[in-house]
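Chain by chain, the residues run as shown.
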There are 2 protein chains.
Amino acid sequence: MAKKYTIDGNGAVSHIAYAFSDVAAIYPITPSSTMAEYVDEWSAQGLKNLYGQPVSVSEMQSEGGAAGAVHGSLAAGAMTTTYTASQGLLLMIPNMYKIAGELLPTVFHVSARTLATHALSIFGDHSDVMACRQTGFAMLASGSVQEAQDMALIAHLATIKSSVPFLHFFDGFRTSHEVQKIDQISYEDISKLVDWDKVAAFRARALNPEHPRQSGTAQNPDVYFQNREAANPYYLAVPGIVEACMKQVKRLTGRSYRLFDYVGAPDAEDVMIIMGSGAEAAHETVTALNSKGKKYGVLKVRLYRPFAAEAFLKALPKSVRRLSVMDRTKEPGALGDPLYTDVRTALAEAGRSDILVLGGRYGLSSKEFTPTMIKAVFDNSVKPRPKNHFTVGITDDVTNTSLPLGRQYNAAPEGTVACKFYGLGSDGTVGANKNSIKIIGDHTKLYAQAYFAYDSKKSGGLTVSHLRFGRVPIQSTYQIDDADFVACHNPAYVTQYDMVSALKRGGTFLLNCPWEGSELEERLPATMKQALAQKKAKLFIIDAIDLAEKHGMGGRINTIMQAAFFKLAGVIPYAQAEKFMKDYAKKTYGRKGDKVVKANWAVIDGAVAELREVRIPAGWLTASSGAEPMKIEATEYFDKVAKPILRQAGDSLPVSAFDPAGVVPTATTQYEKRGIAVNVPEWQIEHCIQCNQCSMVCPHAVIRPILIESGAQRPEGFETKPAMGKEYAGNDFRIQISPLDCTGCGNCYEVCPAKTKALQMKPLDSQLHQDANWQ
Amino acid sequence: MAKKYTIDGNGAVSHIAYAFSDVAAIYPITPSSTMAEYVDEWSAQGLKNLYGQPVSVSEMQSEGGAAGAVHGSLAAGAMTTTYTASQGLLLMIPNMYKIAGELLPTVFHVSARTLATHALSIFGDHSDVMACRQTGFAMLASGSVQEAQDMALIAHLATIKSSVPFLHFFDGFRTSHEVQKIDQISYEDISKLVDWDKVAAFRARALNPEHPRQSGTAQNPDVYFQNREAANPYYLAVPGIVEACMKQVKRLTGRSYRLFDYVGAPDAEDVMIIMGSGAEAAHETVTALNSKGKKYGVLKVRLYRPFAAEAFLKALPKSVRRLSVMDRTKEPGALGDPLYTDVRTALAEAGRSDILVLGGRYGLSSKEFTPTMIKAVFDNSVKPRPKNHFTVGITDDVTNTSLPLGRQYNAAPEGTVACKFYGLGSDGTVGANKNSIKIIGDHTKLYAQAYFAYDSKKSGGLTVSHLRFGRVPIQSTYQIDDADFVACHNPAYVTQYDMVSALKRGGTFLLNCPWEGSELEERLPATMKQALAQKKAKLFIIDAIDLAEKHGMGGRINTIMQAAFFKLAGVIPYAQAEKFMKDYAKKTYGRKGDKVVKANWAVIDGAVAELREVRIPAGWLTASSGAEPMKIEATEYFDKVAKPILRQAGDSLPVSAFDPAGVVPTATTQYEKRGIAVNVPEWQIEHCIQCNQCSMVCPHAVIRPILIESGAQRPEGFETKPAMGKEYAGNDFRIQISPLDCTGCGNCYEVCPAKTKALQMKPLDSQLHQDANWQ
């Protein structure tokens, strides 16, 4: 029987790829890397593939090399796979033409990622896979973690049967890194689906000195064209083969897939055509809209190449009058993006000029694609003069392509619980959330989904965890903008980010802070207090840093915040959660001794005890005073572009905010006063031996030695000592520290060679006077 | 004023690229290599570009490196170009996205070449450039050598004005290596067309520490999408800018180009849409067909990206009812090839469902695209049930895509003289023909065109030169199949190739051979004699080998055959030709002394004197005897596939002849008895010291030492001597030679260390007994 487990998309795909691979030739690139890591790890553990052996994993020197190795390995009769994305996939293109031309069965699993253009992006869209649509690879798209597993299986079954190589893709980060509870298919079950005669035939046609044959010759104008057409029957057979494999998988799992899957109203006049994770959100949204009387539909494209026009036309409801074709890529200079031109061609060939076709672009570089946007697409579709070649999800104030968005639309089914956590990179928040979702996923019947958003600073940066739980499979392939529960794990965030606007009316806000009473009033910004009051939010506080320190756990607050989450969010009974958390602590820290386990248990208990609800005063509704974000004199670019980005409000920037070539000014980090350190160095003037080693070792240029003429004017409190060395006679010396740029790493303190350390680590708050205008 | 000169496509393009380049970052790949070579040579000679300096040429380690260097050099403010094709272009794709994304002006000049799929091909089609259509580069297509120069210029002018990078492409070999007489545009004239303000603006935005700015940053989901749309206005402006540049060029040269150029009947109902060199043949064919009462048209696509739908629709005649869209690429699994889907989309968006659209594929890997095929496309178009997704130029007996061809159709204008030469690789035929076309091109008002076809064996292989001369520009972008004059420079070819079927009725056939009278009768195959008689051909013979030897010129017969061509073909008065040939000989060989010059002059005179016309006997019409090609027992594959290819009849092979994955049997060269050597080694048994060095040094495995038991049975005439060495006692020794595999290099003779050489070079004919069945 199918086993349920909680896994990310890359893991679900690797499970299948591993089964079918003799060899994996890899070169890691975000967001595909973990596929290679899973396979490498399982291989090292000796896990056996369908052929009874561990996969042989070879890391090459680039993706070009990986694709070449795949080609060679296939020619030698080994079932071979690779995993890549973005520029990595581009480097594979030459070999893809060869592999397809030689009809070698393989699956490239691609966590689709944006290509670097005006800027690089590690996030997801279809620009990379669309750059391969002409190579002769079949292309199969997945929209969710469950689908990623199932389509991976279908791709492998179909490539063996058809001899046509497959590119199986799913959205980078959104699907590759989303954690979901899914049905796992066992290798035993998979083995029953494989066409073993075709496997044997593939092995028999390997290059072999015992029965030599030549492959990859050079051909001239006289014969190349004819030979190129000789493969036509193989491509003509692919749609039928994929359909048959989909039926096999349905018989095994009950999950039904077709080349094009239509969902929504059977009599829909307005249909969205889409592939990848956006199809899930569209499905969810159309379900919600139709339940309120609309008649919309979504056509999910599974097999994109070969494009089976007949199946496509058959899948559309007879009633359709308007199509919105959604492309997650941009091809400047083309009449339309690829799926749009394909749909145009299929309809034109079928003489269906009665259907209005609209093309839209969405989700570049993992730009959110939410029910609000999906609704906007349908709102456009039904207009008397709908916009074609539109964008959705941005404000295009330059060429006016964007659709206006209506009020925020929530499409998640009743009963789904959405929880959002603001953490500091490396503070353990993400790890604790992964643990929470495993606890809930593995021990309850609830479906669970987790997605983790990081800013580019990683360690010391912002992490936002998005967790959903529900009784039905979760199709919300977008970040949470309507949370039942929001937790802020870092008190400094209250003035930096708007964390409340994504909270549901009546939702729960948990704040880790040392403040109570009037200090809390003072420390929260007015806008936040207003928002909490307007939403009739439940506000809870906990001083997790103090609690952790009390129990000797240093700055590690993750277990405390996890316990508080379980206590407040009510996803499962707290007693049950407590048991699992404690079991987990024992399992994880058991080796470190009973004391560590007990400390963990103590903070779990402490968390529940220390949790305090704050009754929101009526006055907050109109609060006009409170903490304010630091004001820094900066450039216009910084204020208008960089600052909203740093505040997590970059989505609101319009097209006109950007240089068309992606050019940005330099030297803007000087205005970004992050203030993320808990403790920062204070200069101990009397102990300093002026060696300047602290300055050399600081990775953020926070510490700078200063020479100043002894007679020169200086600001108040600007302490100095006479500079050492004959050549500096007549000068004074000072170590200038910029606490708000400090990350608190303590390297300066460690390196100081003075007998009594000339730097002492002190709480950030106490050191802010060091900044001022002296830098 | 414009200067006329005779140049190949690569040269014409290099002339422009050089003008606009500060830097050329290159990595040579066929058929683009000569562009880099031209530029490198001119740079070494100190030729100054538009900016007053020689181009700085950097050869990188691969095309990936070349594209990276272009990107970096552009970012640093240097106008930079590169030249590439095929897989080389594929390696540039990642950088192309970056260059376009950063709006850096450059032109990549691409001699479009087939991508390696089931087999590699060095020849031309659009599969490489079509793999780049999504990168954000503008794409401009040329169809002839003159256009290649003009479009190169337009591309450079437009990229400077628009900041959008251009890919300028023209057909590999057909245009890159075709020699034509064209109008050259001087650098002085070019300079007047350049938007120098934009050049200055480009240089000003270079990365520079004096005014630093950042390019190529990393962006996240919040802002990447917005920034990607910010470049829209640049792309929207491109068509207008290209049109304006075309007008500039028209004002300068009188040659008019538009984004889409329509030619043919103003009231055509059937129009072919095509780009690249095929458009020239189509233009020529439609002109011919319309002069006989048809009403056809051709729409030549110049600017392929951005695809200017409005200009496209406007360029079509109002009367159009049926379009045949011709793609020179194959994208397996797509609904149609790229130009076809673009046209479908443009028409569908304009609501033109009244126009029937047919898609056809032609010319993969430089497959010929002739007036006969073009006529077949129109014949299909006017049928009541025309075929869509057809191929033309092949016989597809597998998926039945191919159009039937009618009788051979000649579309060349009256008065064009077509001459075809069969030479042996390295015999000087191609060089002499290049000289002939220069003589005619540079010294007369005639237009001239030359194309040289080589087989893959190069030195020692077959060369076929195609020369055309005429009073109007030559649009015949296909090999000559209706020649006024055919010359066979190698007597051995008479049994190997059908050289007469491409001869016009009443045309002239010149044969270099030592045969006369009854020997000639005997040596010519019956089919050849019949064909010559049926065509009422004029047959001339000359013993050029004998004549060359008499004048101490060894095997160098090229000057003799050139003189005979000038004498017989009558393109220009012979006296004039004689003068130019003699002048050229003096110029070329002057340094080697008067004697060499005189010998050259003597063979020119001798050629005319020795040329003899053979009156074709009436009996040849029904000739049933004559020479026959050697019959060799071979495999079915060799007989059915390899043999027609070797006979230059590979075009006739149907799709079913080929393995869909491009697999072929090995060890087939053993059946390919080429017999191309003039002299081959004969073993001198009495002098042989059995060292086997001759065998080691032979590059074609022609010479093999044999040991045989002294008592064993052996064929008649199988001479041996006792083997040397105690360990071989009781064995006999023999050097076995395979004369038909020998290329006559003489290495074996040179290496033989015996006091009296144990190998002597003897005429091939006298040594054929060595082959037989003894190998």
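Residues numbered from 1 in each chain as written. Chains lettered and ligands numbered in written order. Predicted model: local features only at pLDDT ≥ 70, side-chain atom pairs only at ≥ 80, totals over all residues. Heavy atoms only, no water.

### Things to note about a negative patch on the surface
Residues and elements named next belong to chain A.
Item 1. Taken together, the side chains of E37, D40, E41 and E59 define an acidic patch exposed on the protein surface.
Item 2. Of all the elements, helix α2 (residues 33-44) adds the most residues to the negative patch, at 3 residues.
Item 3. Structurally, D40 is set in helix α2. (Patch = residues over 30% accessible without salt bridge, like charges linked within 9 Å, V, L, I, M, F, W, Y side chains within 5 Å. Areas by Shrake-Rupley, 256 points an atom, 1.4 Å probe, with all protein chains shown as cover. Salt bridge = Lys/Arg side-chain N within 4 Å of Asp/Glu carboxyl O. Lys, Arg positive; Asp, Glu negative; His and termini not counted. Charge placed at Lys NZ, Arg CZ, Asp CG, Glu CD. Helix = DSSP H or I, 4+ residues; strand = E, 2+ residues; numbered from the N terminus.)

### A few points about the packing of helix α19 (residues 558-569) of chain B against helix α20 (residues 574-589) of chain B
All names here are of chain B.
Item 1. Following both chains from N to C, one finds α19 and α20 inclined at 160 degrees, their axes separated by 9 Å at the closest point. Put simply, α19 runs roughly antiparallel to α20. At the point where α19 passes α20, the crossing takes the right-handed sense. Judged by residue contacts, Q562, A563, F566 and K567 of α19 engage Y574, A577 and M581 from α20. (Axes fitted to C-alpha atoms, helices over the stretch in contact; angles between N-to-C directions. Parallel < 35°, antiparallel > 145°, perpendicular 65-115°, else oblique. Left-handed = near helix turned anticlockwise from the far one by under 90°. Contact = heavy atoms within 4.5 Å.)

### What about the sheet that holds strand β5 (residues 107-112) of chain B?
Residues and elements named next belong to chain B.
Item 1. Strand order in the open sheet formed by 7 strands is β3-β2-β4-β5-β7-β6-β12, and the pairing between neighbours is mixed. Of all the strands in the sheet, the pair left with one neighbour each is β3 (56-59) and β12 (303-305). Adjacent strand axes in the sheet meet at a mean angle of 20 degrees when their direction is disregarded.
Item 2. Relative to β3, strand β2 (residues 23-26) runs parallel, the two sharing 4 bridges. Paired with I26 across the strands is E59, a residue of β3. (Pairing = 2+ DSSP bridges.)

### So, the nonpolar core
A general feature of soluble globular proteins is that nonpolar side chains tend to end up buried together.
Item 1. Core analysis: the largest hydrophobic core is formed by 220 residues, its most contacted members being A:F20 and B:F20.
Item 2. With 10 residues, helix α6 (residues 145-162) of chain A is the single largest residue contributor to this core.
Item 3. Here A:F20 is in contact with A:L50, A:Y51, A:M79, A:L153, A:H156, A:L157, A:I160, A:I190 and A:V194, once residues within four sequence places are set aside.
Item 4. One finds B:A448, B:F469, B:L510 and B:A607 within the second-largest nonpolar core, a separate group that totals 41 residues. (Core = buried A, V, L, I, M, F, W, Y, C linked by side-chain atoms within 4.5 Å. Buried < 20%, exposed > 50% of the residue type's maximum accessible area, 1.4 Å probe, protein only.)

### Looking at helix α15 (residues 429-443) of chain A
Item 1. The first and last C-alpha atoms of α15(A) sit 21 Å apart over 15 residues, in line with the 21 Å expected at 1.5 Å per residue.
Item 2. Buried within α15(A) are the following residues: A:T429, A:V430, A:A432, A:N433, A:N435, A:S436, A:I437, A:I439, A:I440 and A:G441. (Expected span 1.5 Å × (residues − 1).)

### Focus on the relation of the copies chain A and chain B
Item 1. The operation relating chain A to chain B is a screw motion whose rotation component is 180 degrees, with 0.0 Å of axial translation and a residual RMSD of 0.1 Å. Taken together, the rotation and translation describe the operation of a two-fold axis.
Item 2. Most of the interface of chain A is mirrored in chain B, where 100% of its interface residues are also at the interface. (Least-squares fit on C-alpha atoms with pLDDT ≥ 70 in both.)

### Digging into the pattern of salt bridges
Residues and elements named next belong to chain A.
Item 1. According to the stated counting rule, one finds 90 salt bridges over all chains in the structure shown.
Item 2. Residues E613 and R615 are paired through a salt bridge, measuring 3.9 Å at the closest nitrogen-oxygen approach.
Item 3. With a relative accessible area of 35%, E613 lands in the partly exposed category.
Item 4. For R615, a relative accessible area of 68% gives the class exposed.
Item 5. One network of salt bridges, with partners in common, ties together K4, D150, D183 and R255.

### Thoughts on the pairing of β2(B)
Residues and elements named next belong to chain B.
Item 1. Here β2 shows a buried face lined by V23 and A25 and a second buried face lined by A24 and I26.
Item 2. This β-α-β element, β2 to helix α2 (residues 33-44) to β3, shows right-handed connectivity.
Item 3. Judged from the 2 bridges that link them, β2 and strand β4 (residues 80-84) form a sheet pairing that is parallel. In the strand pairing of β4, A24 is matched with T81. (Right-handed = clockwise from strand over helix to strand, strands pointing away.)

### A look at the packing of helix α19 (residues 558-569) of chain A against helix α21 (residues 594-610) of chain A
Residue and element names in this part refer to chain A.
Item 1. Interaxial distance between α19 and α21 falls to 8 Å at its minimum, and their mutual angle equals 45 degrees. As the angle between them shows, α19 and α21 are arranged oblique. Crossing hand, α19 versus α21: right-handed. Contacts between α19 and α21 pair T559, I560, A563, A564 and K567 from the former with N600, V603, I604, A607 and V608 from the latter.
Item 2. The class makeup of the residues in the contact of α19 with α21 is 7 nonpolar, 2 polar and 1 charged. (Nonpolar A, V, L, I, M, F, W, Y, C, P; charged D, E, K, R; others polar.)

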